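Analysis of the macromolecular model
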Amino acid sequence: MIQVKEFVDTDSSYAEKKANEFLATLKDDQVINICYGSIMKANASGAANQRSTILVVYKHAEP
């Protein structure tokens, strides 16, 4: 079964760290594709923050 897992930056965690932790649990032949995107988002004070999203497309291991 093909699945997609999304990792999004938050104020307390980074998408990259969570995606890498997840990828470490997969075998190389399970990974189909990895997509990355980022946007600049203004916070309440008007300063810009970068927000990243990572999508991992992978084959779910059958039991």
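This text follows the structure it describes.
Calculation criteria
Residues numbered from 1 in each chain as written. Predicted model: local features only at pLDDT ≥ 70, side-chain atom pairs only at ≥ 80, totals over all residues. Heavy atoms only, no water. Helix = DSSP H or I, 4+ residues; strand = E, 2+ residues; numbered from the N terminus. Contact = heavy atoms within 4.5 Å. Buried < 20%, exposed > 50% of the residue type's maximum accessible area, 1.4 Å probe, protein only. Arc of directions from axis to C-beta.

This part is about the environment of Ala 48. Take Ala 48: it is sitting in strand β3 (residues 48-59). Each C-alpha atom of the pair Ala 48 and Gln 30 lies 36 Å from the other, and the pair is 18 residues apart in sequence. Setting aside chain neighbours within four positions, we find Ala 48 in contact with Met 40, Lys 41 and Ala 42.

As a further point, take helix α1 (residues 15-23). Listed in full, the buried residues belonging to α1 are Ala 15, Ala 19 and Phe 22. One side of α1 carries all its buried residues, which in axial view fall inside an arc of 60°. In α1, those exposed residues whose orientation departs by more than 90 degrees from the buried face are Glu 16 and Lys 17.

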